Amino acid sequence: MKQTTNILLILFGVGLSLFAQKGFAQDPNFHIYLCIGQSNMEGPAPIGPQDTVSNKRLQLLSALDCPELGRTMGNWYDAKPPLCRCNTRLSPADYFGRTMIQYLPEKISIGLVHVAVAGSKIEIFDKELYKTYLDTSAASRPWMIRMSDAYGGNPYQRLVDMARIAQQKGVIKGILLHQGESNTGDKAWPAKVKKIYDDLLADLKLAPNSIPLLAGELVNADQGGRCASMNEIIATLPQTLPRASVIPSFGLEAVPDKLHFTAEGIRKFGKRYAARMLYSMGVDIEAYPAQSIAAETNAPGMPYPRVDAENRAVFKIDAPAASNVQLDLGKKYDMVKNEAGLWTVTTETLQPGFHYYYLLIDGYRFSDPASESFFGIGKMMSGIEIPAPDQAFYTPRDIPHGQVRENYYYSATMGKYERFFVYTPPSYDVNTTEKFPVLYLQHGMGEDERGWVEQGKLSIIMDNLIADKKAKPMVIVISDGGTGGMFKPAVGEDVNEARKQFGAKFSPMLLDEIIPYTEKNFRVKTDRLSRAMAGLSWGGFQTFQTALPNLDKFAYIGGFSGAGMFNPETDMKTVYNGAFANSTDFNKKVKVFFLGIGAHEGQRTKALSDAFIKAGINNTYYVSENTAHEWLTWRRCLYQFTQQLFK
């Protein structure tokens, strides 16, 4: 009988091949999943009344004849257990399918092709080795041979034959695997699974690595699983098979044999398989944290990271091959796997404003693909924006908007092409004869000309200020200060001398190249009373180094958390070519001397401001409340400083 069945299947396969050559109409909304494995996939758990409710959107292609169930091999039926052989019970595939149709659009249906053999090693699905495996196992496990005989003696080929039938109606979208108990301790198991995966895709004329494979863990150690040690090997599968994901089994109840799951454990397991598959399709069935919103810094369409009402950030990372994932956001947070095999963590309450962060995956540093990346701290970093109570001043509104224009020129000072950005106010292209005052604005160490445009939200701040008539329309030039790398003296180099040279080419570049280029190519005023300069952190240092010795060129100067050539013993009259030697002259030339700082940065700027006042030097001291050395401080400084310019 077995030989006759095999001949029929061969003839049927030839027919399918001829039919395929003529072509057939596949429904792209009929998603097919192949389900393979041993007893936990076959269906070990009792079937309850709730498991027998069927749905036309969930179909089963019978892989064998079951007269008692009214099923004929190769035909479709409304799916309800048993899904595997005629006398099996509840399988994870049941609740995988039920969960899929629950969360997918109504137009999508799910089809299951189910072939599993209890007690079998993974070798039973190897198209070359299956017969040797069965022949050598026959004496000790005759019952397994009988199960294999139900599939014509070749479970792999039966799976392929049924999958080809399924392909006439729908599109294969994935493979569900639960197997490993009989291969416990076999470190070659991942490679064996990959061979079966590759063979299946080739035989079904699917592109290599084109569909996901979801592999479930065995009964977990938290349930006393007898084969729980195999989970360490299963966890490595994504390293061998890139499209694989591992479905965790923690917390799933086991029966006394500690090999099989209870019915409720099987139901939950099926939902976990579905949750992982749905996530790969862009459907997250896990409810968002209460009162949370997607961070505004997320990549387009990404729901995570999220920020909740307490300004805690919630992260969810898809890293199926990882064994350890951490979030580094000021401090390190250990991430944990959720039921779908995704890594999650919720931070403590974060300070409002912009924060750099990155991920540590098995000790390697990565940007978060769900977030936009920003150049900061000397490298590309992920960033997250935490809402601030005063964020209205840097929130876009329905008002006229200016433009940020990208410019390139060859710098003789740097010996290469340089890029800088120019913000032009909303009225720049309206009245083409009007000339505007100009602010030269610098970034800090570890950043470049993108900083003020991206992290600093410069154009939004200025558009809002100009619309509210709080600031004069002005052109703002944002250039690279040559300090994108973090300061680090070379081996044997004098630290103080290295610090003097760090970004030192910026002053001649600005004075001799950028200012002339700007005045030639943009409609800006060229007198000193129409020219301002400011910078944050090291950019504040560069501002002082450039503007203070050149008061014939700048009438407005600002330092935002800026460093300077000052200490308690400094003689104010000697620094910066004697810029402060005559306080009356300084106060006459410099219309605004602005010193801004974050409240958590200490008292050094306050002490400096007091020293200036004592020396008769007028200055504006500003404190950003509840911030430190960060972008919210500098956004606020820009907001305050620009309101005082060109009055």
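Just so you know, the residues in each chain are numbered from 1, in the order the chain's sequence is written. Residue-level local features of this predicted model are given only where pLDDT is at least 70; pairs of side-chain atoms are given and counted only at 80 or more, and the full residue set underlies all totals for whole chains, interfaces and linings. No hydrogens and no water enter the side-chain calculation; it runs on all heavy atoms of the structure.

Caption draft 1: Highlighting the packing of aromatic side chains. When the centres of two rings from Phe, Tyr and Trp lie within 6.5 Å, Trp using its six-membered ring, the rings pair. Their planes under 30 degrees apart give stacked, over 60 give edge-to-face, and anything left gives tilted. Counted under the stated rule, the structure contains 31 aromatic pairs. Centre to centre, the rings of Tyr576 and Phe580 are 6.5 Å apart; their planes meet at 80°, and the pair counts as edge-to-face. Think of it in three bands: residues with accessible area under 20% of the maximum for their type are buried, residues over 50% are exposed, and the middle band is partly exposed, with areas taken using a 1.4 Å probe on protein chains only. Judged by relative accessible area, Tyr576 falls into the buried class, the value being 4%. Ring centres 5.3 Å apart and planes at 80° place the aromatic pair Trp631 and Trp634 in the edge-to-face group. Taken together, the residues Trp631 and Trp634, both in helix α18 (residues 631-642) and three residues apart, mark about one turn of the helix. The residues Trp631 and Trp634 share a single accessibility class, namely buried. Every helix listed is a DSSP run of H or I at least four residues long, and every strand listed is a run of E at least two residues long, numbered separately from the N terminus.

Caption draft 2: Local environment of the nonpolar core. What is meant by a nonpolar core is a set of buried Ala, Val, Leu, Ile, Met, Phe, Trp, Tyr and Cys residues, joined one to another through side-chain atoms within 4.5 Å. Residues Leu112 and Leu213 are the most contacted members of the largest nonpolar core, which totals 87 residues. In what follows, a contact means two residues having at least one pair of non-hydrogen atoms within 4.5 Å. Residues in contact with Leu112, not counting those within four places in the same chain, are Tyr33, Cys35, Leu58, Gln59, Leu60, Leu61, Trp76, Leu83, Ala93 and Phe96.

Caption draft 3: Just the sheet that holds strand β4 (residues 109-116), in detail. By definition, two strands form a pair when at least two bridges between them are found by DSSP. Strands sit in the order β3-β2-β4-β1-β5-β6-β7 across an open sheet of seven strands; the sheet is mixed. Both outer strands of the open sheet, β3 (76-78) and β7 (244-247), are each paired with one neighbouring strand and no more. With strand direction ignored, the average angle separating the axes of adjacent strands in the sheet is 25°. With three bridges connecting them, strand β5 (residues 171-178) and strand β6 (residues 213-216) associate as parallel partners. Counted as the bridge partner of Leu177 is Ala215 from β6. Strands in contact with helix α3 (residues 92-103) are β1 (30-37), β2 (58-61), β4 and β5; relative to β4, the strand with the most contacts, it is inclined by about 170°. Fitting a line to C-alpha atoms yields each axis, with helices limited to the stretch in contact; the angle taken between N-to-C directions then spans 0 to 180 degrees. Where helix α10 (residues 263-280) meets the sheet, its contacts fall on β1, β5, β6 and β7, and the angle it forms with β6 comes to roughly 150°.

Caption draft 4: Region of interest: empty space enclosed by the protein. Put plainly, a pocket is an open set of points on a 1 Å grid over the protein atoms alone with protein on both sides within 12 Å along at least five of seven lines, a cavity is a set where a 1.4 Å probe fits but cannot get out, and a lining residue has an atom within 4 Å of a point. Grid points are joined across faces, edges and corners, and a volume is the space filled by probe spheres set on the points. Scanning all chains against the criterion turns up one cavity of 30 Å³ or more. Its boundaries defined by the atoms lining it, the largest cavity holds a volume of some 40 Å³. Taken together, Ile36, Ile122, Ile175, Leu177, Val193, Ile196, Tyr197, Leu200 and Leu213 make up the lining of the largest cavity. Elements supplying a minimum of two residues to the lining of the largest cavity: β5 and α7 (189-203). Per-element accounting of the lining of the largest cavity gives the leading share, four residues, to α7.

Caption draft 5: Here's a closer look at the state of the cysteines. The criterion for a disulfide is a pair of cysteine sulfur atoms lying within 2.5 Å. As enumerated under the stated definition, the model contains one disulfide in all. The disulfide partner of Cys66 is Cys86, and the S-S distance across this bridge is 1.9 Å. Taking the torsion about the sulfur-sulfur bond, which here is approximately -90°, the covalent link between Cys66 and Cys86 counts as left-handed. Pair noted here: Cys66 is in the loop between β2 and β3 and Cys86 is in the loop between β3 and α3, with a separation of 20 residues, a long-range link. Since its relative accessible area comes to 1%, Cys66 is described here as buried. Residue Cys86 is classed as buried on the basis of its relative accessible area, which comes to 19%. Residue Cys227 stays outside any disulfide, its sulfur separated by 19 Å from that of Cys84, the closest cysteine. For Cys227, a relative accessible area of 12% gives the class buried.

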